[in-house]
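What follows is each chain in one-letter form.
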Amino acid sequence: MYTLYGIDESGSCMIEIALQRCAAPWRRVDAASWADGEGSDELARINPLKQVPTLVTPDGQVLTESAAILIHLGLAFPDAYLLSGDRAQIIRGLVYIAANCYSAIGIIDYPQRWLGNADEALQAQLAAGTRRYLHQAWVVFAEQFAGQLFAPNGEPNALGIMAAAVSRWDQAREALSALAPGFAQTLAQVDVDPIVAPVFARHWPDWEVS
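In this text the structure is predicted, and so the values were computed from the model without any measurement. (Residues numbered from 1 in each chain as written. Predicted model: local features only at pLDDT ≥ 70, side-chain atom pairs only at ≥ 80, totals over all residues. Heavy atoms only, no water.)

On to the overall build of the chain. Each helix and strand in the chain was counted, giving ten helices and four strands. Each helix (α) and strand (β) of the chain, taken in turn from the N terminus, gives the series β-α-β-α-β-β-α-α-α-α-α-α-α-α. In summary, the chain has a C-alpha radius of gyration of 17 Å against a globular reference of 17 Å for 210 residues, a match within 12%. The buried share among the 210 residues of the chain stands at 50%. Of the accessible surface of the chain, which amounts to about 9,800 Å², a share of 52% is contributed by carbon and sulfur atoms. (Helix = DSSP H or I, 4+ residues; strand = E, 2+ residues; numbered from the N terminus. Rg over C-alpha atoms; globule rule 2.2 N^0.38 Å. Buried < 20%, exposed > 50% of the residue type's maximum accessible area, 1.4 Å probe, protein only. Areas by Shrake-Rupley, 256 points an atom, 1.4 Å probe, with all protein chains shown as cover.)

If you want it as structure tokens, here you go:
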């Protein structure tokens, strides 16, 4: 059985979706770097950064980094179609999100990690500038990967799942609705997939694009 360390409104949602697509037995342990509790203490023993998602495979391997986990599951369960389509571009897109979007969100959420004891005005300036970069990075993503989010059978692949999840943070969907409305609609198609929709609804019960 797979063990997934995660928490609602976090990146663990995309791994939950992928595990369901793989029809693999799994359980979730509620844990996160910002949450206290037995699960978070357990997570710290296997991942000192307490990152979520963290996935432990049935043979005991510890996997971190959402893109890496999705690639692993796509390779381990080819019938789930997570890497179905142009595999080279799917993998490229997964790494693009990790490097340019996910990383920016970390700066926006925790500017003090980079600025130390700097005053709140400087932290706010860093967060605002990073958010502008994040939104532009999503526009570039839309231009290059809009046609790569679905497997040939019509199901969202790993790139579609990751893009739909990570774009839910820091007003990215709102920015895309204004700057790349066609791509925003493509993400909305991922949202309503019958496996994706209930997971997103559980993670973000009140979420909507304004």
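So, about unusual backbone geometry. Going from Val-52 to Pro-53, the amide bond is cis rather than trans, its omega being 5 degrees. You can see Pro-53 is positioned in the loop between helix H2 (38–46) and strand E3 (54–56). A positive phi is found at Tyr-81, a non-glycine position, where the angle reads about 65 degrees. Within the element layout of this structure, Tyr-81 appears in the loop between helix H3 (66–76) and helix H4 (87–109).

The next thing to look at is helix H10 (residues 196–203). Looking only at H10, the buried set comprises Val-196, Val-199, Phe-200 and His-203. All buried residues of H10 project into a common sector of 95 degrees when viewed along the axis, lining one side. Contact partners of the buried residues in H10: helix H1 (12–22), strand E2 (26–30), helix H7 (158–166) and helix H9 (181–191). (Arc of directions from axis to C-beta. Contact = heavy atoms within 4.5 Å.)

A few words on the nonpolar core. A general tendency of soluble globular proteins is for nonpolar side chains to be buried together. Of all hydrophobic cores here, the largest spans 57 residues; its most connected members are Leu-73, Leu-94, Ile-97, Trp-138, Phe-141, Val-166 and Leu-176. Each of domain 1 (2–80) and domain 2 (87–193) contributes no fewer than three residues to this core. Apart from the residues lying within four places of it in its own chain, the contact partners of Leu-176 are Trp-138, Val-139, Ala-142, Pro-181, Phe-183, Ala-184 and Leu-187. Ile-7, Ala-31, Ala-32 and Ala-35 belong to the second-largest nonpolar core, a separate cluster that totals nine residues. (Core = buried A, V, L, I, M, F, W, Y, C linked by side-chain atoms within 4.5 Å. Domains from an automatic or database assignment.)

The next subject is the sheet that holds E2. Two orientations exist for strands paired in a sheet by backbone hydrogen bonds: parallel and antiparallel. The four strands are arranged E2-E1-E3-E4 in an open sheet whose pairing can be described as mixed. Each having just a single partner strand, E2 and strand E4 (62–64) make up the two edges of the open sheet. Taken over all neighbouring pairs, the strand axes of this sheet differ in orientation by 20 degrees on average, direction set aside. Relative to E3, strand E1 (residues 2–6) runs antiparallel, the two sharing three bridges. Along E3, the bridge assignment pairs Tyr-5 with Thr-54. (Pairing = 2+ DSSP bridges. Axes fitted to C-alpha atoms, helices over the stretch in contact; angles between N-to-C directions.)

Any pair of aromatic rings gets described here by the distance separating the centres and the angle formed by the planes. Evaluated as defined, the whole model comprises nine aromatic pairs. When the ring of Tyr-2 is compared with that of Phe-77, the centres are 6.3 Å apart and the planes differ by 55 degrees; the resulting orientation is tilted. Here the residue Tyr-2 occupies a position in strand E1, and Phe-77 occupies one in the loop between H3 and H4, the gap between them amounting to 75 residues. Aromatic ring contacts, followed pair by pair, group Tyr-96, Trp-138, Phe-141, Phe-145 and Phe-183 into a single cluster. (Phe/Tyr/Trp six-rings, centres within 6.5 Å; stacked < 30°, edge-to-face > 60°.)

So, about the pairing of E2. In this structure, E1 lies alongside E2, joined through five bridges in parallel fashion. Within E2, the residue paired with Thr-3 across the bridge is Arg-27. Viewed along the sheet, the connection from E1 through H1 into E2 turns out right-handed. (Right-handed = clockwise from strand over helix to strand, strands pointing away.)

Next up on the list: the packing of H1 against H7. Helix-helix packing is described using two parameters, namely the angle between the two axes and the distance between the axes. H7 packs onto H1 with a crossing angle of 150 degrees between their chain directions and a minimal axis gap of 9 Å. Taken together, the axis directions place H1 and H7 in an arrangement best described as roughly antiparallel. The two elements H1 and H7 cross, and the hand of that crossing is right-handed. Across from Cys-13, Met-14, Ile-17 and Arg-21 in H1, the residues of H7 making contact are Ile-161, Met-162, Ala-165 and Val-166. The residue makeup of the contact of H1 with H7, split by class, is seven nonpolar, no polar and one charged. (Parallel < 35°, antiparallel > 145°, perpendicular 65-115°, else oblique. Left-handed = near helix turned anticlockwise from the far one by under 90°. Nonpolar A, V, L, I, M, F, W, Y, C, P; charged D, E, K, R; others polar.)

The values reported here are purely geometric and, on their own, carry no functional implication.
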